[in-house]
Each structure stands twice: as structure tokens, then as C-alpha cells.
Amino acid sequence: MTRRRASAAERLRWMHDRLFEAYGPQKWWPAETSFEVIVGAYLTQNTSWKAVERSLANLRAAGAMTIEGLRALPVSELQTLVQPSGFFTRKAPALKAFVAMLDAEFGGALEKLAAAPTEALRKRLLELPGVGPETADAILLYALGHPVPVADEYLRRVAERHALLPEPPDRGRSGYEALAALTREALGGGSLAEEARLYNEFHALTVAVGKAHCGRVARCEGCPLAADLKGRRP
Ligand code: SF4
């Protein structure tokens, strides 16, 4: 009897289950409020979380970790506070643009923003300066509770090294959307709350395996996902 080959979505679902078994619940996003998640999602672009934490600490100390606090802060001061996480001349105005959009279109209330339909909200977020698909989806999922997958460089590397897609996903928009579609196929289909829970956990678990094993260089020995390679070289 010949055995059917597992589909890419089935393999990705196995990866989620295997990583959860190996690492346990990740309790993401590491933040105290939804607004802090949003600020973190902007600041984490192209930098380490350690650098973001220094900027977040500055913002907290200056009383600027709230919508009101950030609204009142001149952009030049905001630049100084977020300097540790890099690209501050771009990130500070981008954060101010988010607050301006929230004020102008949603009465300054995150609850009103969160109540908008997912597709329309994603489109609106992507129109903002400094917001690409990963930032938009991280805000939607972790700050606003919408069931959307987040794809990042760690997931791209895993997908490429395990040849999950017919073509290796590129670092641009089409690669991102291909990874997001595969994640939806693998983990979607349940209730909205269940989908959000799985997307939340899977992104965090992907970051965990990326940091421990699948960085710029793959360190496959002892990696929870090594069995999926079935002896192939990554
Ligand atoms: S380190 Fe190796 S086994 Fe682990 S996810 Fe990367 S390619 Fe796969």
C-alpha cells in the first residue's frame, strides 16, 4: 500500500503541534496593554526585541505609553525616546500618524478601531506610513483580536528550508501572502476565537524555534522540527 504524502498545510499543522509540545504556551504578545502591543509592533521592525524594550522603557518613564501621552508628545521628543530601537526618524512619525488616524477616524478609541471588519481594517492599516503586512497583521491579531496569521522572516526560513511551498517564498509581499495563506490553510477553519488562538501561538512558537535553531544558519541538531526534513538537507 502506498502512503499519501502529507500536504504542506498538514506539515505546517504538525509543526505547530510539535513546537507547542516542545516549548509550551508562549503567552504572547509581551505587553501590558493593546496600545503597548501596537507601539511594540512598530518599533520591532528591523531590530531586536531587546532594543525595543529600551525604547518602551523610555516611553513608560516619560508617561507616553498611552494614546493621550503619545498624542501630546512632540515628534522630536518621541524620536529621542524611541532612538534605541533604530530608524527613529521613520518610526516616530509613523507612530504619530497611527494616533492621528485613530483620532480622525475612530474617535481616538482602540475599541472602535477593533470593531471594524478585518479586511477593511487591514487595508486601512496598510495605507499608513511604516506599516507593512507583518506590522498590520501583528496589530490586528495581538492588539485588536482579529483572527489573522502573522508571517515573519523566521517562518519564511522554515518554509524555504523545508520546501513547504512549490517556490521558496521571497521576502516581499507575494512571499508574505503565500506564507499567510498556507498558515490559514493549516490552522484556520475553527471558530474565530480558536483561529486567533492558534495564529497567536504559532507565530510566537515560530519565533522561538527561529531564535533557538533556525536563524541565519540552520542548527538542525536537536531542533523539534528536524523529523520533517526526513534526512534531507535544509
Ligand atoms: S533548524 Fe533545521 S530542522 Fe529546525 S526548522 Fe530550521 S531547517 Fe528545520
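Values in this document were obtained by computation on a predicted structure and should not be read as measured data.

What counts and how
Residues numbered from 1 in each chain as written. Predicted model: local features only at pLDDT ≥ 70, side-chain atom pairs only at ≥ 80, totals over all residues. Heavy atoms only, no water. Core = buried A, V, L, I, M, F, W, Y, C linked by side-chain atoms within 4.5 Å. Buried < 20%, exposed > 50% of the residue type's maximum accessible area, 1.4 Å probe, protein only. Helix = DSSP H or I, 4+ residues; strand = E, 2+ residues; numbered from the N terminus. Near = heavy atom within 4 Å. Nonpolar A, V, L, I, M, F, W, Y, C, P; charged D, E, K, R; others polar. Phe/Tyr/Trp six-rings, centres within 6.5 Å; stacked < 30°, edge-to-face > 60°. Axes fitted to C-alpha atoms, helices over the stretch in contact; angles between N-to-C directions. Contact = heavy atoms within 4.5 Å. Domains from an automatic or database assignment. Buried area = accessible area lost by both parts, 1.4 Å probe. Salt bridge = Lys/Arg side-chain N within 4 Å of Asp/Glu carboxyl O. Polar contact = N/O pair within 3.5 Å; in protein donor to acceptor, adjacent residues only side chain to side chain.

Participant: So what exactly am I meant to see when it comes to the nonpolar core here?
Facilitator: Ranked by internal contacts, the top residues of the largest apolar core, which has 69 residues, are Tyr42, Leu59, Phe98, Leu113 and Leu125. Of the residues forming this core, the biggest block, eight residues, is contributed by helix 6 (residues 88-106).

Participant: What is the right way to look at the site of the ligand in this model?
Facilitator: In the vicinity of the ligand, the contacting residues are Arg161, His162, His213, Cys214, Arg219, Cys220, Cys223, Leu225, Ala226, Leu229 and Pro234. Considered class by class, the residues forming the shell around the ligand number seven nonpolar, two polar and two charged.

Participant: Help me understand the packing of aromatic side chains, please; the structure alone is not making it clear to me.
Facilitator: A ring pair, where both rings are aromatic, is described by two values, the distance of the centres and the angle of the planes. Throughout the structure, instances matching the rule amount to five aromatic pairs. On the numbers, 6.2 Å between centres and 65° between planes, the contact of Tyr42 with Phe98 is edge-to-face. You can see Tyr42 sitting in helix 2 (residues 34-43) and its partner Phe98 sitting in helix 6, a full 56 residues away along the chain. Summarising the burial analysis for this pair, Tyr42 and Phe98 share the class buried.

Participant: Where do I start with the packing of helix 9 (residues 133-143) against helix 11 (residues 173-187) in this structure?
Facilitator: Angle between the axes and distance between the axes: these two values describe a pair of packed helices. The interhelical angle for the contact between helix 9 and helix 11, taken along N-to-C directions, is 35°, at an axis separation of 10 Å. The residues of helix 11 that touch helix 9, namely those facing Pro133, Glu134 and Asp137, are Arg173, Tyr176 and Glu177.

Participant: Sorry if this is basic, but what is going on with the side chain of Ser55 here?
Facilitator: Looking at the element boundaries, Ser55 is found in helix 3 (residues 49-61). Apart from the residues within four sequence positions on either side, Ser55 is in contact with Leu43, Leu81, Val82, Gln83, Pro84 and Ser85.

Participant: Explain the domain arrangement of the chain here, please?
Facilitator: How big an interface is tends to be reported as the loss of accessible area on association of its parts. Split by domain assignment, the chain resolves into domain 1 (8-27 + 150-229) and domain 2 (34-143). Taking the mean C-alpha position of each, domain 1 and domain 2 sit 25 Å from one another. Contact with domain 1, which involves eleven residues of that partner, is made by eight residues of domain 2. Across the interface of domain 1 and domain 2, roughly 780 Å² is buried in total on both sides, 63% from carbon and sulfur atoms. Considering only the side of domain 1, the residues that lose the most area to domain 2 are Val150, Arg173 and Tyr176, jointly responsible for 53% of the buried surface there. Here Glu177 makes a salt bridge to Arg122, at a shortest N to O gap of 3.2 Å. At the boundary of domain 1 and domain 2, one finds four residue pairs in polar contact (both at pLDDT 80 or more). Those elements that place two or more of their residues in the side of domain 1 that touches domain 2 are helix 11 and helix 12 (192-212). The biggest single contributor to the side of domain 1 that touches domain 2 is helix 12, with five residues. Grouping the amino acids of the side of domain 1 that touches domain 2 by side-chain chemistry returns six nonpolar, two polar and three charged.

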